[in-house]
Amino acid sequence: MASLRLNNIYKKYPGGVVAVSDVNLEIRDKEFIVLVGPSGCGKSTTLRMIAGLEDISEGELYIGDRLCNDIAPKDRDIAMVFQNYALYPHMTVFDNMAFGLKLRKMPKDEIARKVEEAAKILNLTELLQRKPKAMSGGQRQRVALGRAIVRSPQVFLLDEPLSNLDAKLRAAMRTEIAKLHKKLGTTFIYVTHDQTEAMTMGDRIVVMKDGYVQQVDTPQNLYENPCNKFVAGFLGSPMMNFVDARLTSVGGKYVVEFGTEATRTKAGTTFTVELPDSKVNEYVPNYVGKEVIMGIRPEDIYDDPTIVNNSRTGVVDCNVELTELMGAEIYLYLLSGDVNITARVSPRSTSRIGDQVKVVFDASKIHLFDKETESTIVN
């Protein structure tokens, strides 16, 4: 088994294109780490540099204690699972899984044992004589995983392996891959653009944007304590609400004002949220009188009349533009002046399209971001 270390890794292409910039990352032995970000952020390029499929322009890659910059992919003791499965269509499942072992001149009985063990783990025993065209997408994905497992690599690299599957199968395969990681006790590095996969599977998540690592942390810490507006907006569904606001000081308390008048776009109503003492840090006084961005997650906005009536701060008048019943919850799409707000509320909510309602923002859950840099002021 192995840890990995990426020291100041860059990937530069001809013409001055920089795909990955100054990536520093420590991946622990047996860790399940997820690289996540929008298309073009450099996550797959980073994975391919670890695999040896892309040259490293600058920096050092260590697998265990071995510098691997110039070591051929086949000698790095890693196995990669691709988005398109990359199975040989003319071979059976058994032969697809055994192919790499045959190239290594492994004895036939040893190959059979390894393939059968992997097939048992992945519930493929009954399918070993089938060819890929006679299998579903989920079964093919398991074969691709099996081909990696039989090699007993130090590190598994998975590049968006579930993106070709339907939603139900993706959810099932997420669970299967997480179980597989626990069973094998090997280091997994998983690339996806799907933040749900990242949040549910990873021990830690690496959030990337424009070739740079934005933040590395556990799913819970990333969700609750994002380092900037991008991370806050990327993780969570529906995404965090962002509202232009102004920070003021009233009677020794810090107050966030928002609405059309607060940001001076035009005359209108101003709403306020008083910052709880637990939210006040050393940065807050520096922003008094300045414009900021307030963030609040949809689940921290309530339309329950009891909560609204007992709240002295954070109450907002809205029009209900749209509702979506999701079964266990309802998404409310609200408009307050020219501010769009999404709330995730109880399925017992009585709010309907066209209603004028009052909602309340949970002051203990708001985030504040610098208007210019988008860095976090308050989590």
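This text follows the structure it describes.
Structure report, in brief. Predicted, not measured: the structure shown is a model, and the values here were computed from it.

1. Notes on the overall build of the protein
Then step 1. Across its full length, the protein holds nine helices and 21 strands.
Then step 2. C-alpha atoms of the protein, sized along the principal axes, occupy 80 × 45 × 35 Å.
Then step 3. Expressed as a percentage of its 379 residues, the buried residues of the protein come to 50%.
Then step 4. Taking the contacts inside the protein whose residues are at least 6 apart along the sequence as the reference set, 65% of them involve residues at least 24 apart.
Then step 5. With the model as given, the accessible surface of the protein reaches about 17900 Å², and the carbon-plus-sulfur share is 48%.
Then step 6. Within the protein, one finds 47 positive and 49 negative side-chain charges whose respective centroids are separated by 8 Å.

2. Digging into the packing of helix α2 (residues 93-103) against helix α3 (residues 108-121)
Then step 1. The geometry of α2 relative to α3 is characterised by a closest axis approach of 10 Å and an angle of 135 degrees between their N-to-C directions. Our classification of the angle between α2 and α3 gives oblique. Crossing hand, α2 versus α3: right-handed. Here Phe 94, Met 97, Ala 98, Leu 101 and Lys 102 of α2 come into contact with α3, specifically with Ile 111, Ala 112, Lys 114, Val 115, Ala 118 and Ala 119.
Then step 2. The residue inventory of the contact of α2 with α3, partitioned by class, reads nine nonpolar, no polar and two charged.

3. Section: the sheet that holds strand β1 (residues 4-13)
Then step 1. One open sheet accounts for four strands, arranged β2-β1-β4-β5; its pairing is antiparallel. Bordering the open sheet on either side are β2 (17-27) and β5 (66-67), each of which pairs with just one other strand.
Then step 2. As judged from the five bridges shared by β1 and strand β4 (residues 58-63), these two strands associate in the antiparallel manner. Paired with Arg 5 across the two strands is Tyr 62, which belongs to β4.
Then step 3. Along the sheet, helix α1 (residues 43-51) contacts β1, β2 and β4; its crossing angle with β1, the most-contacted strand, is approximately 115 degrees.

4. Focus on the pairing of strand β7 (residues 155-159)
Then step 1. The element β7 is largely enclosed, with a buried count of five among its five residues.
Then step 2. What you see with β7 is no split at all: Val 155, Leu 157 and Asp 159 on one side and Phe 156 and Leu 158 on the other are buried throughout.
Then step 3. Inspection of the sheet shows strand β6 (residues 78-81) paired to β7 by four bridges, in the parallel sense. Across the sheet, the residue bridging to Met 80 is Leu 157, located in β7.
Then step 4. For the handedness criterion, the β-α-β arrangement of β7, helix α5 (residues 167-184) and strand β8 (residues 187-192) is classed as right-handed.

5. Focus on α2
Then step 1. Here α2 has its buried residues at Val 93, Phe 94, Asn 96, Met 97, Ala 98 and Leu 101.
Then step 2. Buried residues belonging to α2 abut α3 and α4 (137-149).
Then step 3. Positive backbone phi, approximately 60 degrees, marks Lys 105, located one or two places after α2.

The rules behind the values
Per chain, residues are indexed from 1 in the order of the written sequence. For this predicted model, a pLDDT threshold of at least 70 governs which residues receive local features, and a threshold of 80 or more governs which side-chain atom pairs are given and counted, while totals over whole chains, interfaces and linings are taken from all residues. Only hydrogens and water are removed before side-chain values are computed, so all heavy atoms of the structure are retained for them. Only DSSP runs of H or I covering at least 4 residues are called helices, and only runs of E covering at least 2 are called strands; the numbering of each starts at the N terminus. Each residue's exposure class comes from its accessible area (1.4 Å probe, protein chains only) as a fraction of the maximum for that residue type: buried when under 20%, exposed when over 50%, partly exposed otherwise. The contact criterion used is simple: two residues touch if any of their non-hydrogen atoms lie within 4.5 Å. The accessible surface values rely on the Shrake-Rupley method and a 1.4 Å probe; as for residues, cover is taken only from the protein chains in view. Residues counted as positive are Lys and Arg, residues counted as negative are Asp and Glu, and His and the chain ends are not counted. Here the site of a charge means atom NZ of a Lys, CZ of an Arg, CG of an Asp or CD of a Glu. The convention used is that axes are lines fitted to C-alpha atoms, helices contributing only their stretch in contact, and that angles between N-to-C directions extend from 0 to 180 degrees. Roughly parallel means an angle under 35 degrees; roughly antiparallel, over 145; roughly perpendicular, 65 to 115; everything else is oblique. Here a crossing is called left-handed whenever its near helix is offset anticlockwise from the far helix by less than a right angle, and right-handed whenever the offset is clockwise. Gly is put with the polar residues, along with every residue not named as nonpolar or charged; the nonpolar set is Ala, Val, Leu, Ile, Met, Phe, Trp, Tyr, Cys and Pro, and the charged set is Asp, Glu, Lys and Arg. Strand pairing is assigned whenever DSSP detects at least two bridges linking the two strands. Clockwise travel from the first strand over the helix to the second, with the strands pointing away from the viewer, marks a crossover as right-handed.

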